[in-house]
Amino acid sequence: ARRPSQTTLASDPRKPSPTPARPTAMDAVKSVLGARDHYSVLGAPRDAAAADLRQRFLRTSVRVHPDKNDHPQATDAFRRVAEAWEVLGDTDKRRRYDTDLRRGGGGLPGSGDCPSSSGQRAESSMSAEAAFAAFAAAATAAFASGGAS
């Protein structure tokens, strides 16, 4: 019986490379809630194009969506993602936010850059309903423009 060589198996171009592991529900929520700025919330570089930001917003929203993620803080994470999109998805708000970041501000409440007055993580100012509406609007726009993937 012939045994296939390991080098042949490892370098076989017909086999797809392994897919990186998706973050667990807890990892996704912790990543969003521990983010230091809106770009980190979405996992985006500061020079990301608007279309890339929308795609990252949608992807991150799905990962922390309370209907898909049973972590107790999924709703908080979902709201934080929507808040990031509310700023980064608007050209004027993003420009002002980027200016604040360059000046050393622009951190998120409770992230260490912008603690609440009590020193505890500040609650999101966005309602869950507003967060769901932002997600629905971005998803609709993405599908309408053919930009969903």
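Refer to the preceding data block for the structure.
From a predicted model like this one, the values you see are computed outputs, not experimental measurements.

Direction vectors running N to C along helix α2 (residues 25-33) and helix α4 (residues 50-64) enclose 125°, while the axes themselves pass 9 Å from each other. Classed by the angle they form, the pair α2 and α4 counts as oblique. Regarding α2 and α4, the two cross each other, and that crossing is left-handed. Facing A28, V29 and V32 of α2, the residues of α4 in contact are T60, R63 and V64. Here the residues of the contact of α2 with α4 are counted per class, giving four nonpolar, one polar and one charged.

Our focus in this paragraph is the packing of aromatic side chains. One pass over the structure, following the stated rule, counts two aromatic pairs. Ring centres 6.2 Å apart and planes at 40° place the aromatic pair Y39 and Y97 in the tilted group. Of this pair, Y39 sits in helix α3 (residues 38-42) while Y97 sits in helix α6 (residues 91-102), and the two are 58 residues apart along the sequence. Owing to a relative accessible area of 8%, Y97 belongs among the buried residues under this scheme. Here the aromatic rings of F57 and W85 are separated by 5.1 Å at their centres, their planes lie at 10°, and the arrangement is stacked. Of this pair, F57 sits in helix α4 while W85 sits in helix α5 (residues 74-88), and the two are 28 residues apart along the sequence. With respect to class, F57 is no different from W85; both count as buried.

Rules of the game
- Residues numbered from 1 in each chain as written.
- Predicted model: local features only at pLDDT ≥ 70, side-chain atom pairs only at ≥ 80, totals over all residues.
- Heavy atoms only, no water.
- Axes fitted to C-alpha atoms, helices over the stretch in contact; angles between N-to-C directions.
- Helix = DSSP H or I, 4+ residues; strand = E, 2+ residues; numbered from the N terminus.
- Parallel < 35°, antiparallel > 145°, perpendicular 65-115°, else oblique.
- Left-handed = near helix turned anticlockwise from the far one by under 90°.
- Contact = heavy atoms within 4.5 Å.
- Nonpolar A, V, L, I, M, F, W, Y, C, P; charged D, E, K, R; others polar.
- Phe/Tyr/Trp six-rings, centres within 6.5 Å; stacked < 30°, edge-to-face > 60°.
- Buried < 20%, exposed > 50% of the residue type's maximum accessible area, 1.4 Å probe, protein only.

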